[in-house]
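Remarks on the overall topology
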Amino acid sequence: ARPELSASLLPAQKFLAATNTVDAKYGVWLTPTSLGKRLGISAVKVNKRLKEMGLQISNHKPAKGEPSYLPTEKGKKYSAMTNATGSNGDMTTYQHLKWSERVLELF
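The rules behind the values
- Residues numbered from 1 in each chain as written.
- Predicted model: local features only at pLDDT ≥ 70, side-chain atom pairs only at ≥ 80, totals over all residues.
- Heavy atoms only, no water.
- Core = buried A, V, L, I, M, F, W, Y, C linked by side-chain atoms within 4.5 Å.
- Buried < 20%, exposed > 50% of the residue type's maximum accessible area, 1.4 Å probe, protein only.
- Helix = DSSP H or I, 4+ residues; strand = E, 2+ residues; numbered from the N terminus.
- Contact = heavy atoms within 4.5 Å.
- Salt bridge = Lys/Arg side-chain N within 4 Å of Asp/Glu carboxyl O.

Within the largest apolar cluster, 10 residues are counted, these being L30, L35, V46, L50, M53, L55, Y78, L97, W99 and V103. Those elements that provide at least two residues to this core are α3 (43–52) and β6 (93–100). Discounting residues that sit within four places of it in the chain, V103 has contacts with L35, L50, L55 and Y78.

Mapped onto the elements of the fold, K64 is located in the loop between β3 (56–58) and β4 (69–71). For K64, a relative accessible area of 60% puts it in the exposed group. For the pair K64 and T92, spaced 28 residues apart in sequence, the C-alpha to C-alpha distance is 7.6 Å. Excluding residues that lie within four positions of it along the chain, K64 makes contacts with D90, T92 and Y94.

What follows covers the side chain of N47. Relative to the assigned elements, N47 resides in helix α3. The class for N47 is buried, based on a relative accessible area of 11%. Once residues lying within four places of it in the same chain are set aside, the contact partners of N47 are P32, Q56 and Y69.

To continue, consider the pattern of salt bridges. Under the definition given, this model contains four salt bridges. The partner of K64 in a salt bridge is D90, and the shortest N-O contact between them spans 3.7 Å. One end of the pair, K64, is in the loop between β3 and β4; the other, D90, is in the loop between β5 (79–85) and β6, and 26 residues separate them in sequence. Residue D90 is classed as buried on the basis of its relative accessible area, which comes to 17%. The residue E73 makes a salt bridge to K76 at a minimum N-O spacing of 2.9 Å. Highlighted residues: E73 and K76, both in helix α4 (residues 73–76), separated by three residues, approximately one helical turn. Assessed through its relative accessible area of 46%, K76 is described here as partly exposed.

This is the structure:
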């Protein structure tokens, strides 16, 4: 990759990390916002239900770049962590917890 090009892609990388991810083996990984759109509820309600179902826990006082929620052992088979760096020179690696489309079957 050309350095001058990679710097210009940083904003796009951060944006993509906060969106859905497609994986050839496991299909589409969705953000809580996207899950909520499919279910007709808010991302806040999605996260609350995922906690109630025992699929995730709150990450209390996460450090910069860490996600607000972490998967439980039960939730790991339905979730994946994705990484992206920040934008505008922010080289922090941000982690995002995303969910397999399969988790929709549990709602």
